[in-house]
Amino acid sequence: MNSVLGRRTRILAATTATAGLLLVAGCSSDDGGGKTTTSGGVPLVKSGQLTTCTHLPYPPFQSEIDGKVQGFDVSLIDLVAKDLGVKQAIVDTPFENFKTGAFLNSEQCDLAAAGMTITEERKKNVDFSDPYFDATQAVLVDKKSGINSLADVKAKGKKLGAQAQTTGEDYAKGQGFDPVSFESSDAVLSGLRSGQVQAVIIDYPVVQGWLKDKANADAFKVADNLNTGEQYGFTVKKGNTKLVAAINKAIADAKADGTYKKLYEQWIGPYAAASASPSTS
């Protein structure tokens, strides 16, 4: 994903169960440095809230629906916030900052949740939670294009689009493409719809979300599904082990008690049991 120059950072209220949850009295304290700490010793950049950086829109993981930010990532981090006795607040930021950890290091956010693939390169700048989602890449094309695979895109000399700064774009380049870069997932779909590109490569769950819309399903099809072995993780500032532990606990608890399955089916689609099995990046 790429940023738009001058894009204003927005703070948006999450709308799942903990959005209206008040800070429990006595559950946090000021450490003298302007930050607060929960009773479990988890540091927070702002009192009474777990501040999450994201990049909108990226459905079904996070997007603005009826003026409120909702999605799979939002719902999972709400579980972390609930465990900590605070509410979640969401900050919309450029995606490249997630790769560098800039907003985490400057203490504008406690964590980043943006459907972000765990990679060794990114681990140099941030600490990841345990994987919470197994992802694949999809090639989406116009049904009239005659394209039936990623290889067809190259063989027929068609233009391929991808979201900038993502593993999908990296994969395309690794396959010898020079993809057209788009700043957001919405822009990727618009580029395909307008004919700027004839095929796009992007995370399959995003494509699943697009194809729930009848107009999209009538016009487009998945020409290829690429198992790239990717897993998503949430990120925190390097060395913030207590917050990583809190996130990991919430993910594990949700998988154990059925909450993960419920949220998966709500936001992603038919539940894939492999997504709940213990795994490491």
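Quick caveat, the model's predicted, so the values are computed rather than measured.

Q: What is the right way to read helix α6 (residues 167–174) from this model?
A: Think of an α-helix as 3.6 residues a turn; residues three or four steps apart then line up on the same face. For α6, the full list of buried residues reads T167, G168, E169 and A172. Against the buried residues of α6 lie α4 (120–123), β11 (133–142), β12 (160–163), β13 (180–182), β14 (199–203) and β15 (220–232). Following α6 by one or two positions, G176 has its phi on the positive side, about 90°.

Q: Mind showing me how you'd approach the confidence of the model for the protein chain here?
A: Detailed reading of predicted coordinates is not advised where the pLDDT is low. For the protein chain, mean pLDDT is 83; residues scoring 70 or higher make up 84% of the total. Across residues 1–34, confidence stays below pLDDT 50; counting only partners more than four residues off in sequence or on other chains, it has 83 contacts. In this model, residues 274–281 is a region of pLDDT below 50 whose contacts with residues beyond four sequence positions or in other chains number 16 contacts.

Q: Honestly, the side chain of E230 in this entry has me stumped. Any pointers?
A: Looking at where E230 falls in the secondary structure, it is placed in strand β15. Although E230 lies buried, it forms no salt bridge, and the closest oppositely charged side chain, R122, sits 6.8 Å away as judged by the N-O distance. At 2.6 Å, the side chain of E230 forms a polar contact with the side chain of T228.

Q: How should helix α10 (residues 241–257) be read in this particular structure?
A: Over its 17 residues, α10 runs 24 Å from end to end, which matches the ideal 24 Å to within 8%, given 1.5 Å per residue. Considering only its buried residues, α10 is in contact with β5 (49–54), α1 (72–84), β9 (111–112), β10 (126–128), β16 (235–237) and α11 (259–267). The first or second residue beyond α10 is G258, which carries a positive phi of 95°.

Reading the values: rules and limits
Residues numbered from 1 in each chain as written. Predicted model: local features only at pLDDT ≥ 70, side-chain atom pairs only at ≥ 80, totals over all residues. Heavy atoms only, no water. Buried < 20%, exposed > 50% of the residue type's maximum accessible area, 1.4 Å probe, protein only. Helix = DSSP H or I, 4+ residues; strand = E, 2+ residues; numbered from the N terminus. Contact = heavy atoms within 4.5 Å. pLDDT = per-residue confidence, 0-100. Lys, Arg positive; Asp, Glu negative; His and termini not counted. Salt bridge = Lys/Arg side-chain N within 4 Å of Asp/Glu carboxyl O. Polar contact = N/O pair within 3.5 Å; in protein donor to acceptor, adjacent residues only side chain to side chain. Expected span 1.5 Å × (residues − 1).

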